[in-house]
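Observations on the three-dimensional arrangement
The chain contents come next:
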Amino acid sequence: MKDLLGLPSSAGFALVTGCQMAHATCLAAARHSLLAKRGLDVERQGLFGAPRIRLLSSSQRHGAFERAVRLLGLGRNQIQDLPVDEQDSLIPEALEQALEADPQAPAIVFLQAGDINTGAYDNFQTLIPIAKRFGAWVHVDGAFGLWAAASPRYKHFVEGVGAADSWATDGHKWLNVPFDCGYAIIADSRAHKAAISHRAVYLKHDAEARDQIDWNPEWSRRARGFPTYAALRQLGRTGVAAFVERCCEFARALVLGIGSLPGVQVVREPGINQGLLRFPDPGPAPSAADHDAYTEAVIGRIVAGGEAFFGPTTWRGIRCMRVSVCNWQTSRQDVQRAIEAVKSALG
Ligand SMILES: Cc1ncc(COP(=O)(O)O)c(C=O)c1O
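In this text, all values refer to a predicted model and were calculated from it rather than measured experimentally. Counting restarts for each chain: residues are numbered from 1 in the order of the written sequence. Only residues with pLDDT of at least 70 get local features here, since the model is predicted, and only at 80 or more are side-chain atom pairs given and counted; chain-wide, interface and lining totals rely on the full set of residues. Only hydrogens and water are removed before side-chain values are computed, so all heavy atoms of the structure are retained for them.

1. Focus: the pairing of strand S8 (residues 265-268)
To keep things clear, this is the line we draw: If DSSP finds at least two bridges between two strands, the strands pair. Each helix is a run of DSSP H or I of at least 4 residues and each strand a run of E of at least 2, with the numbering of both proceeding from the N terminus.
Here 3 bridges tie S8 to strand S9 (residues 274-278), and the two strands are oriented antiparallel to one another. Its bridge partner being in S9, Val266 is matched across the sheet by Leu277. In this antiparallel pair of consecutive strands, S8 and S9, the connection spans 5 residues.

Written out as structure tokens, the structure is:
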């Protein structure tokens, strides 16, 4: 899987419950590494007497990062939101300036591979070298978007991502294995092990075999590796690539197909498998709030129709309908049916 995703083969990994716990695992390793370099043993003494760890991230990040920050005692208030460009990618100059403001401070830079609303990617090739110049730890949220690496057609989005320090992704998203299957991948496996490892008198530990308690935050867990292995084995490289590409193609067909109906505004065409639409209020002199309410109402009608499911979201302050395709069973016919469902809800 590391090979498929373009990540270093020597990286440590843990099979966790989802991307949320992958963030917590990766950031525990980051916390260990950044503080160990400053002579502190965070596993023993906690954060007492430790310097503040700066957390730099684009304003478009997923909320799971913040929860991991809270769980690790790093403090939500330490997160500094940095601006994004028109494509929703973190602006490199903004990152550089933020790091320059306190160049000696330990810092974690949080980047995105696949924004939840637009599928946007940060520019890893530019941003990671900047972060590295300041000794920052780079963590990537690739919950679904990291899987673009498997596709020759879409892997340009993740160019350079292998130079980060840690990556969080999911099997229960774009690999379609059952829920409760995420992956934490950490380049410095020693930092990973130091942050997580544990010994117990009633458990047998083998010096040779991989012991999950050294890598996983859970004490007990099911065999998450099994469905992952089965899915990868069954699909193979070309199967994963074809699946990723099919989802992207269908998301585009949905957004453009629905977008061509009267009364629909295309807010964001999909770069990968996520796009945004909006239903402007056709009434007289509508306000922004009217457009939001009308969009919500149309989404409600589509969902009530029982034929297609789309969820609402807020992007840059406006309510939109989120188009996301990530199921292997979705067919071209389903795309047509979904477009028809929206048409009749609008009608
Ligand atoms: C970009 C992103 N990051 C993190 C998460 C959290 O993932 P999980 O639900 O697997 O913990 C999600 C879930 O939707 C996501 O889309």
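2. Some points on the site of the ligand
Applicable threshold: The criterion for a residue being near a molecule or strand is simple. One of its heavy atoms has to lie within 4 Å of it. What qualifies as a polar contact is a pair of N or O atoms within 3.5 Å, subject to a donor-acceptor requirement within protein and to the restriction that residues adjacent in sequence count only when both atoms come from side chains. Each accessible area is a Shrake-Rupley result for a 1.4 Å probe, and residues are judged covered by the shown protein chains and nothing else.
In the region of the ligand, the neighbouring residues are Gly18, Cys19, Gln20, His62, Ala64, Ile116, Asp141, Ala143, Phe144, Asp170, His172 and Lys173. Residue His172 places a side-chain N or O atom 2.7 Å away from an oxygen atom belonging to the ligand. At 3.1 Å from an oxygen atom of the ligand is found a side-chain nitrogen or oxygen belonging to Lys173. Summarising the interface, the protein chains cover 81% of the accessible area of the ligand, which totals 390 Å² for the free molecule.

3. Remarks on the packing of aromatic side chains
Here is the rule: Paired rings are identified among Phe, Tyr and Trp, the last through its six-membered ring, by centres lying within 6.5 Å, and are further divided according to the angle between planes into stacked (under 30 degrees), edge-to-face (over 60) and tilted (the rest). Each residue gets one of three labels from its accessible area relative to the maximum for its type: buried under 20%, exposed over 50%, partly exposed in between, using a 1.4 Å probe on protein chains only. Working rule: Lys NZ or Arg CZ, within 6 Å of ring centre, within 35 degrees of ring normal, means a charge sits over the ring.
This structure, assessed with the given rule, holds 4 aromatic pairs. For the pair Tyr121 and Phe157, a centre-to-centre distance of 4.9 Å together with 15° between the ring planes defines the contact as stacked. Of this pair, Tyr121 sits in the loop between strand S4 (107-112) and helix H5 (124-133) while Phe157 sits in the loop between strand S5 (137-141) and strand S6 (166-170); the two residues are 36 residues apart in sequence, bridging distant segments of the chain. The class for Tyr121 is buried, based on a relative accessible area of 7%. Between Tyr154 and Phe157 the ring centres are 6.4 Å apart and the planes differ by 10°, which places this aromatic pair in the stacked class. Using a relative accessible area of 26% as the deciding quantity, one classes Phe157 as partly exposed. Ring-pair connections join several aromatic residues into one group, and the members of that group are Tyr121, Tyr154 and Phe157. Of note, Arg210 hangs over the ring of Phe13, and the distance from its end group to the ring centre comes to 3.7 Å.

4. Things to note about the nonpolar core
Defined as follows: Throughout this description, the term nonpolar core refers to a set of buried Ala, Val, Leu, Ile, Met, Phe, Trp, Tyr and Cys residues connected via side-chain atoms within 4.5 Å. Residue ranges assigned to each domain were obtained from an automatic or database domain assignment. The contact rule is simple, with two residues in contact once any of their heavy atoms fall within 4.5 Å.
With 107 residues, the main nonpolar core has Trp147, Ile258, Phe310 and Met321 as its most contacted residues. Each of two domains, domain 1 (12-222) and domain 2 (242-346), supplies a minimum of three residues to this core. Leave out the neighbours within four places in its chain, and Phe310 touches Leu254, Ile258, Ile299, Ile302, Val303, Met321, Arg322, Val323, Ala338 and Val342.

5. Observations regarding the sheet that holds strand S11 (residues 318-324)
Spelled out, the test is: Note on definitions: angles span 0 to 180 degrees between N-to-C directions of axes, and those axes are lines fitted to C-alpha atoms, for helices only across the stretch in contact.
Read across the open sheet, the 4 strands follow the order S8-S9-S11-S10; overall the sheet is antiparallel. Among the strands making up the open sheet, the edge pair consists of S8 and strand S10 (311-315). For this sheet, the mean angle separating the axes of adjacent strands, direction not counted, is 45°. Inspection of the sheet shows S10 paired to S11 by 5 bridges, in the antiparallel sense. Bridging across to S11, Pro312 finds its partner in Met321. Contacting S9, S10 and S11, helix H8 (residues 288-305) crosses the sheet at an angle of about 30° to S11.

6. A word on the packing of helix H7 (residues 225-259) against helix H9 (residues 332-346)
Heads up, the rule is: The labels follow the angle: roughly parallel below 35 degrees, roughly antiparallel above 145, roughly perpendicular from 65 to 115, and oblique for the rest. Should the near helix be turned counterclockwise from the far one by less than a right angle, the crossing is left-handed, whereas a clockwise turn marks it as right-handed. In the scheme used here, Gly and all other residues not listed as nonpolar or charged are polar, with Ala, Val, Leu, Ile, Met, Phe, Trp, Tyr, Cys and Pro taken as nonpolar and Asp, Glu, Lys and Arg as charged.
Contact geometry of H7 with H9 gives a least axis separation of 10 Å together with a crossing angle of 25°. Viewed along their axes, H7 and H9 adopt a mutual orientation that is roughly parallel. Between H7 and H9 lies a crossing whose hand is right-handed. Taking contact as the criterion, the partners of Glu249, Phe250, Ala253, Leu254, Gly257 and Ile258 in H7 are, on H9, Arg332, Val335, Ala338, Ile339 and Val342. A per-class count over the contact of H7 with H9 returns 8 nonpolar, 1 polar and 2 charged.

7. Topic: the environment of Ile130
Position of Ile130 relative to the elements: it lies in helix H5. For Ile130, the contacting residues outside a window of four places in its chain are Pro92, Leu95, Glu96 and Leu99.

8. A few points about a nonpolar patch on the surface
So the rule is basically this: Within the patch definition used here, like charges are joined within 9 Å and nonpolar side chains (Val, Leu, Ile, Met, Phe, Trp, Tyr) within 5 Å, considering only residues with over 30% relative accessible area and no salt bridge. We define a salt bridge as a side-chain nitrogen of Lys or Arg found within 4 Å of a carboxyl oxygen belonging to Asp or Glu.
A cluster of nonpolar side chains, contributed by Val201, Tyr202 and Trp219, occupies part of the molecular surface with about 440 Å² of accessible area. Secondary-structure assignment places Val201 in the loop between helix H6 (189-196) and H7.

9. A short note on the environment of Ala223
Mapped onto the fold, Ala223 is located in the loop between H6 and H7. Judged by relative accessible area, which is 51%, Ala223 ranks as exposed. Separated by 92 residues in the primary sequence, Ala223 and Trp315 have C-alpha atoms spaced 37 Å apart.

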